[in-house]
Amino acid sequence: MATEINEFGEEEVKVSTESVKCSACGANMVYDPDRRALYCPHCGTEKKFEDSSVAKELDFASGLSADAQWKKEDTSVFRCDNCGAKVVLTAKETAKTCPFCGTAHVQKIEELAGLKPNGVLPFSFGEEKALEYSKTWAKKRFFAPRKFKKNLESKNVNGVYAPCFTFDSSTYSVYKGRIGTTHTRTVGSGKNQRTETYVVWRNISGTYAQNFDDVLITAGSKFGQKQLDKIQPFDTNASKEYREKYLLGFMAYHYDYELSDCWGQAKIKMDAAIKRGILSQYTYDKLDYINVSTNHERVTYKYSMLPIYVGNFTFKQKLYNFFVNGTTGKTWGKYPKSPLKVTIATILGIAAAAVLIYLFIRGS
Ligand SMILES: [Zn+2]
Ligand SMILES: [Zn+2]
């Protein structure tokens, strides 16, 4: 650590990493999404910095080089003893509670943070707004108990960057299949006349090309693909070149799945889209089979951090997680259900069914 005099004649503390100390009071600054600047929560000093440029696509074939690793001096890894989640923080920060389960059983562990992201989509609003979105969402959950609707506090919602890979690919496919259309005809005569349906089968084959841009695959298990898809979209093409400053004051969720696994998932998604694309060119009623063989060319990827507010709420000793898109506010997740409300709804349902049966019997 070295001290320097800056252009305002103030003493500025330089640290080895990008983590920035407040020039006025020396406290750690955090990234404030509402100000789009670094902010000192201790004394209110604000420090603007130039946004980094848009994150670059990396060549998939050349893979990940060793310097793509997060350096040990820059980051620390914490593990939650309660739920097993691992989070990454900049070296100067300490995790106090686990964003996924809300307990304080977090411990610093001697593990490397792994791959360094090359892109980051910064949060576009702060924790206060995230709590508002959560409350609005909670209020609309009919079966949720009052306790859940009323008791959400800022400690229940934490900003976490979720690791994900995006893939681009130019695909070229060759396909072969058999489709059928159903028809009806009248057979027999007189008393034996009847209509029957029959299928006319047809062989299809051809080639199909499709370009994919930023197919998004999450690299974490606690914030998985299902959760991600529920709170999409994320404008990953607007991801910035990764800089540690965006992470200050937030946690990053340590990835659970490797690049190659995620590429496998991306291919499954692309395969399904290609198949849909091919079949949409035909009119048919029945599909016998379709075989598609696909070549991927010019595959690139980005390893990006997505802004998510993770909500955690424990109700009757059970943990519920919900997620808020940190750019749009779209919220989705698990929430407790009030046993009383569920019982009332069930009784009402049975009563409605009984009325219908009564009307049906009386009517016949
Ligand atoms: Zn300060
Ligand atoms: Zn936990």
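Rules used throughout
Residues numbered from 1 in each chain as written. Chains lettered and ligands numbered in written order. Predicted model: local features only at pLDDT ≥ 70, side-chain atom pairs only at ≥ 80, totals over all residues. Heavy atoms only, no water. Donors = N, O, S within 2.8 Å, 3.2 Å for Na, K, Ca; no water. Tetrahedral: all angles 85-135°; square planar, octahedral: opposite > 155°, others 65-115°. Helix = DSSP H or I, 4+ residues; strand = E, 2+ residues; numbered from the N terminus. Phe/Tyr/Trp six-rings, centres within 6.5 Å; stacked < 30°, edge-to-face > 60°. Buried < 20%, exposed > 50% of the residue type's maximum accessible area, 1.4 Å probe, protein only. Domains from an automatic or database assignment. Polar contact = N/O pair within 3.5 Å; in protein donor to acceptor, adjacent residues only side chain to side chain. Contact = heavy atoms within 4.5 Å.

I keep staring at the coordination of the zinc ion (ligand 1) and nothing clicks. Help me out?
Protein-derived ligands of the zinc ion (ligand 1) are Cys22 (SG), Cys25 (SG), Cys40 (SG) and Cys43 (SG), with the metal-ligand distances lying across 2.3 Å. Every donor counted, the four donor atoms about the zinc ion (ligand 1) form angles of 102 to 117° at the centre, which fits tetrahedral coordination. When the donor residues of the zinc ion (ligand 1) are listed from N- to C-terminus, their spacing reads C-x2-C-x14-C-x2-C. Of this pair, cysteine 25 sits in the loop between strand 2 (11–14) and strand 3 (30–32) while cysteine 40 is found in the loop between strand 4 (37–39) and strand 5 (46–47), placing the two residues 15 residues apart along the sequence.

Even after reading the chapter, I still don't get the packing of aromatic side chains, so can you show me in this structure?
Summed over the entire model, instances satisfying the criterion amount to 23 aromatic pairs. On the basis of an interplanar angle of 70° and a centroid distance of 5.4 Å, the ring pair of tyrosine 31 and tyrosine 246 is categorised as edge-to-face. Placement of tyrosine 31 in strand 3 and of tyrosine 246 in the loop between strand 13 (240–241) and strand 14 (251–253) is noted, with a sequence separation of 215 residues between them. Judged by relative accessible area, which is 0%, tyrosine 246 ranks as buried.

What exactly am I supposed to notice about the domain arrangement of the protein chain here?
One widely used convention gives an interface's size as the accessible area the parts lose upon coming together. For the protein chain, the domain assignment lists domain 1 (1–50), domain 2 (169–211 + 265–299) and domain 3 (339–364). For domain 2 versus domain 3, the separation of C-alpha centres amounts to 44 Å.

Sorry, what's going on with the side chain of threonine 218 here?
Topologically, threonine 218 is positioned in strand 12 (residues 194–218). You can call threonine 218 buried: its relative accessible area is 6%. Within the structure, threonine 218 has its side chain in polar contact with the backbone nitrogen of glycine 220 (distance 3.2 Å). A polar contact is formed between the side chain of threonine 218 and the backbone oxygen of phenylalanine 223, at a distance of 2.9 Å. With residues near it in sequence (within four places) discarded, threonine 218 still touches Pro163, Cys164, Phe223, Gly224, Gln225, Leu228, Tyr257 and Cys262.

Would you mind going over the coordination of the zinc ion (ligand 2) with me for this structure?
Under perfect tetrahedral coordination by four donors, a metal shows angles of 109.5 degrees; under perfect octahedral coordination by six donors, it shows angles of 90 or 180 degrees. Coordination of the zinc ion (ligand 2) by the protein involves Cys80 (SG), Cys83 (SG), Cys98 (SG) and Cys101 (SG), with metal-donor separations of 2.3 Å. Angles of 103 to 117° at the metal separate the four donor atoms of the zinc ion (ligand 2), which places the site in the tetrahedral class. Mapped onto the polypeptide sequence, the residues donating to the zinc ion (ligand 2) form the spacing pattern C-x2-C-x14-C-x2-C. Of the two residues, cysteine 83 sits in the loop between strand 7 (75–80) and strand 8 (86–90) while cysteine 98 sits in the loop between strand 8 and strand 9 (106–109), which places them 15 residues apart along the sequence. Overall, the relative accessible area of 1% leaves cysteine 98 in the buried class.

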